[in-house]
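Now for the letters of each chain:
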Amino acid sequence: MDTLQAILLGIVQGLTEFLPVSSSGHLQIAKELLGVQLEENLTFDVALHAATVLSTIVVLWSQIWKLLKGLFSRHFNEEQAYLLKIVISMIPIGIVGFLLKDQIDALLNAPYILVVVGAMLLLTAALLAFAYWAKPRQKETISYRDALIIGVAQACAAMPGLSRSGSTIATGLLLGNKKTAVAQFSFLMVLIPILGETFLEAVKGELTAGVAAGPLIAGFIASFVTGCLACKFMLEVVKRGRLIWFAVYCAAAGLVSIASYIF
């Protein structure tokens, strides 16, 4: 992997982690186009995810700091309740990661992966379109039940091509939660699973020098910068309710992905 490839992959990861278009699906398409095997460069893959985690922390720092301060209160408060909801939302992805991680990793190397990615992008488009046209009654806060259901949506998004942010945001909106609250919850709920997966891979010794330091740093910076921009942009997009354009894009990308395999 050279520096230009690393920067391009970093930009793809940074943008698609927050935009509802599937980061895993677009990384899969990008690596096919660039001739890069991310499975052989696990350290680089983890670095890209770490960069998007850092960008989330930077953009949502005021909310994160408020939660951290409330965590140490002696009395149960709104911040502790919010953090408990985040913990509840992580249960489904924890179960999926424990039981199906090897199967999902094997799927990424399957010869028909572009068909899977295309089908999941079409499903993402359907979810976003449904959430755009549905008009449920708006609720003031995300409930514990809703947190669990949104967590199930995140677990389903382990499938390559099914957007994590798209699935969780669309699910939250369909449940009647406010747009800004759903977007923030979606971005915050993924922090601990990504950090946890990175820690487990480091403990198992799977992080190796599969890529040179130069491309690694370049990819990290590209992913971080574009991640910050995409996170801010997506919060505004959800607030304004313009998810339909991402539905159109995902539908087109899904059809192209399937067609590229067939033809």
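Please refer to the structure placed before this passage.
Quick caveat, the model's predicted, so the values are computed rather than measured. (Residues numbered from 1 in each chain as written. Predicted model: local features only at pLDDT ≥ 70, side-chain atom pairs only at ≥ 80, totals over all residues. Heavy atoms only, no water.)

## A word on the environment of P160
And step 1. Structurally, the position occupied by P160 is in the loop between α7 (144-156) and α8 (164-174).
And step 2. When the C-alpha atoms of P160 and V116 are compared, they prove to be 7.2 Å apart, with 44 residues separating the residues in sequence.
And step 3. Leave out the neighbours within four places in its chain, and P160 touches S24, L107, L108, I113, V116, V117 and M120. (Helix = DSSP H or I, 4+ residues; strand = E, 2+ residues; numbered from the N terminus. Contact = heavy atoms within 4.5 Å.)

## Observations regarding a nonpolar patch on the surface
And step 1. A cluster of nonpolar side chains, W61, W65, L68, L71 and F72, forms an exposed patch at the surface whose accessible area comes to about 560 Å².
And step 2. Relative to the assigned elements, L68 resides in helix α4 (residues 61-71).
And step 3. For L68, a relative accessible area of 37% corresponds to the partly exposed category. (Patch = residues over 30% accessible without salt bridge, like charges linked within 9 Å, V, L, I, M, F, W, Y side chains within 5 Å. Areas by Shrake-Rupley, 256 points an atom, 1.4 Å probe, with all protein chains shown as cover. Salt bridge = Lys/Arg side-chain N within 4 Å of Asp/Glu carboxyl O. Buried < 20%, exposed > 50% of the residue type's maximum accessible area, 1.4 Å probe, protein only.)

## Details of the side chain of S89
And step 1. Structurally, S89 can be placed in helix α5 (residues 78-108).
And step 2. For S89, a relative accessible area of 0% gives the class buried.

## Side note on the nonpolar core
And step 1. Counting residues in hydrophobic clusters, the biggest one holds 51 residues, and the most contacted among them are M234, L243 and F246.
And step 2. With nine residues, helix α6 (residues 113-133) is the largest single contributor of residues to this core.
And step 3. In this structure, L243 is in contact with P20, L128, Y132, I169, L173, M234, V237 and V238, ignoring residues within four places of it in sequence. (Core = buried A, V, L, I, M, F, W, Y, C linked by side-chain atoms within 4.5 Å.)

## Things to note about the side chain of T168
And step 1. Within the fold, T168 resides in helix α8.
And step 2. Within the structure, the side chain of T168 is placed 3.2 Å from the backbone oxygen of S165, a separation counted as a polar contact.
And step 3. With near-sequence residues (within four places) excluded, T168 lies in contact with I150, A153, Q154, V182, S186 and M189. (Polar contact = N/O pair within 3.5 Å; in protein donor to acceptor, adjacent residues only side chain to side chain.)

## What about the packing of α6 against helix α12 (residues 244-262)?
And step 1. Two elements in contact, α6 and α12, have axes whose closest approach is 7 Å; the angle formed by their N-to-C orientations is 165°. As judged from the angle between their axes, α6 and α12 are roughly antiparallel. Of the two elements, α6 crosses α12, and the hand of that crossing is left-handed.
And step 2. Residue composition of the contact of α6 with α12, grouped by class: 20 nonpolar, five polar and no charged. (Axes fitted to C-alpha atoms, helices over the stretch in contact; angles between N-to-C directions. Parallel < 35°, antiparallel > 145°, perpendicular 65-115°, else oblique. Left-handed = near helix turned anticlockwise from the far one by under 90°. Nonpolar A, V, L, I, M, F, W, Y, C, P; charged D, E, K, R; others polar.)

## Side note on the packing of aromatic side chains
And step 1. For the structure shown, the criterion picks out four aromatic pairs.
And step 2. When the centroid spacing of 5.8 Å and the interplanar angle of 25° are considered together, the rings of W61 and W65 count as stacked. With W61 and W65 both in helix α4 and four residues apart, the pair spans about one turn of that helix.
And step 3. Look at W61 and you get partly exposed, because its relative accessible area is 43%.
And step 4. Seen in terms of ring centroids, Y132 and W133 are 5.6 Å apart; in terms of plane orientation they differ by 75°. Their pairing is edge-to-face.
And step 5. Looking at Y132, the relative accessible area reads 30%, which means it is partly exposed.
And step 6. Sitting over the face of the ring of Y144, K85 holds its NZ or CZ atom 5.3 Å from the ring centroid. (Phe/Tyr/Trp six-rings, centres within 6.5 Å; stacked < 30°, edge-to-face > 60°. Lys NZ or Arg CZ within 6 Å of the ring centre and 35° of its normal.)

## Some details on the pattern of salt bridges
And step 1. Enumeration over the complete set of coordinates arrives at four salt bridges.
And step 2. As a salt-bridge pair, K139 and D146 come within 2.4 Å of each other at their nearest N and O atoms.
And step 3. As a salt-bridge pair, R240 and E236 come within 2.7 Å of each other at their nearest N and O atoms. Here the residue R240 and the residue E236 both occupy positions in helix α11 (residues 213-240), the gap between them amounting to four residues, near one helical turn.
And step 4. A residue is classified by how much of its surface remains accessible, and E236, at 33% relative accessible area, is partly exposed.
And step 5. Salt bridges sharing partners connect three or more residues here, namely K139, R145 and D146.

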